[in-house]
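# Coordinate analysis (summary)
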Amino acid sequence: MRILVTGGAGFIGSHLCDRLLAEGHEVIAMDNLITGSTDNIAHLAGRRDFEFIFHDVTNYIYIAGPLDAILHFASPASPVDFTTMPIQILKVGALGTHKALGLARNKGARFLLASTSEVYGDPLVHPQPETYWGHVNPIGIRGVYDEAKRFAEAMTMAYHRAHKLDTRIVRIFNTFGERMRLNDGRVVPNLVGQALRGQPLTVYGKGLQTRSFCYVSDLVDGIYRLLMSQEVEPVNVGNPRETTILEFAELINRLTGNEAGILFKPLPADDPRQRRPDITRARTILGWEPKVALEDGLKRTIGWFKQKV
Ligand code: UDP
């Protein structure tokens, strides 16, 4: 297939490009590099089956020739970005999704939307199944991302229903691994960076909020299976192993041998108290299950960060 990946120079987008190329597809990565980096795709430069296009997908997208699939992964995604790039996030989720859907319709291409566990907001149902409609504050600081992705899902389903577009929606839970931005403000780069510098790890609030972390190769495998499936309804892809942020910080201190301890900081507004995917649908429909243990994924990630810090 000939596949366009928007956000293809980003953390998850670039790993997806690698996987698609390894499966024998031809890949076009598109990115405006506001959070992505050409460092993430530098190893692909010069390949005949790979092309990079510098473009902001909130503007009309032109691609010469046929396309079989579009994977729409462009969006800043760190809670720090929610404050520094709120308008860009709303625009890429709304206008960018519309442009990418229009391109998919024009090319007769399958369309896969990168959605998020943030559509569940600060969830009142735990763990979160796809049938849960969520608990989102539309005007809070996280609302720009949550509502953009909720709009993007609605727009994707509208194109499916009105234009018979062949669509997929993946709801991605917390993911980590090599190529995360060092300073993107999310918990993994923050804590691993601090640990490698011998600093105390910043834990927000009491650290009793929970997250469930999926290693990037597992995530990409789930996305690839979804792309190749016939499933139109949203599918959660994430690792159901849930930890408190405090336990997670202690694990990072242990794995890095950091003795500087923990520094408690104020909890940001609307920080979800708990998050864990119900992956029954991914298991039954895609035959997918995460394979990489948290400790193993963290060791690989720490090794990569060591070269960068
Ligand atoms: N967090 C933290 N210390 C940090 C960065 C984040 O304790 O230096 C917490 C944050 O408050 C949240 C969790 O870690 O409860 C995960 O945050 P992240 O920014 O990675 O993404 P989120 O899952 O909130 O979208």
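Below, the structure is looked at part by part. None of the values given here were measured: they were computed from a predicted structure.

## Focus: unusual backbone geometry
- Here the bond from H126 into P127 is cis, since omega is -10°, no more than 30 degrees from zero.
- Within the element layout of this structure, P127 appears in the loop between β5 (110-116) and α4 (143-163).
- In this model, K164 sits at a positive phi of 60°, which is unusual for a non-glycine residue.
- Turning to its location among the elements, K164 is positioned in the loop between α4 and β6 (167-172).
- Take K164: its relative accessible area is 68%, and that puts it in the exposed class.
- Phi at R179 is positive, roughly 80°, even though this residue is not glycine.
- Relative to the helices and strands, R179 is located in the loop between β7 (175-176) and α5 (187-196).
- Since its relative accessible area comes to 16%, R179 is described here as buried.

## Here we look at the packing of helix α3 (residues 86-107) against α4
- Between α3 and α4, the shortest axis-to-axis distance is 8 Å and the interhelical angle comes to 15°. Here α4 runs roughly parallel to α3, going by the angle between their axes. Crossing of α3 over α4 shows right-handed handedness. Together, P86, I89, L90, G93, A94, T97, H98, L101, G102 and R105 of α3 and V144, Y145, A148, F151, A152, M155, T156, Y159 and H163 of α4 make up the contact between the two elements.

## Focus on the environment of A269
- Inspection of the secondary structure assignment puts A269 in the loop between β13 (262-265) and α8 (280-286).
- By relative accessible area, which is 44% here, A269 ends up partly exposed.
- In sequence terms A269 and I141 are 128 residues apart; their C-alpha atoms lie 7.2 Å from each other.
- If near-sequence neighbours (up to four positions away) are discounted, A269 is found in contact with I141 and R142.

## Let's talk about the layout of surface pockets
- Size it by volume and the second largest pocket reaches roughly 170 Å³.
- If you trace the second largest pocket, you find it lined by V119, E130, Y132, W133, R150, E153, A154, M157 and R171.
- Of the residues forming the lining of the second largest pocket, the biggest block, 4 residues, is contributed by α4.
- The residue makeup of the lining of the second largest pocket, split by class, is 5 nonpolar, no polar and 4 charged.

## Let's talk about the nonpolar core
- The biggest cluster of nonpolar side chains holds 56 residues, and the ones touching the most others in it are L71, F73 and I223.
- Take this core: its biggest share by element is 7 residues, from helix α6 (residues 216-228).
- Here I223 is in contact with I12, L16, F73, L112, V170 and I172, once residues within four sequence places are set aside.
- The next biggest cluster of nonpolar side chains, apart from the first, holds 24 residues, and it includes I28, L101, A152 and I169.

Calculation rules
Residues numbered from 1 in each chain as written. Predicted model: local features only at pLDDT ≥ 70, side-chain atom pairs only at ≥ 80, totals over all residues. Heavy atoms only, no water. Helix = DSSP H or I, 4+ residues; strand = E, 2+ residues; numbered from the N terminus. Buried < 20%, exposed > 50% of the residue type's maximum accessible area, 1.4 Å probe, protein only. Axes fitted to C-alpha atoms, helices over the stretch in contact; angles between N-to-C directions. Parallel < 35°, antiparallel > 145°, perpendicular 65-115°, else oblique. Left-handed = near helix turned anticlockwise from the far one by under 90°. Contact = heavy atoms within 4.5 Å. 1 Å grid on protein atoms, 1.4 Å probe; cavity = no way out; pocket = protein on both sides within 12 Å on 5 of 7 lines; lining within 4 Å. Points joined across faces, edges and corners; volume = space filled by probe spheres on them. Nonpolar A, V, L, I, M, F, W, Y, C, P; charged D, E, K, R; others polar. Core = buried A, V, L, I, M, F, W, Y, C linked by side-chain atoms within 4.5 Å.

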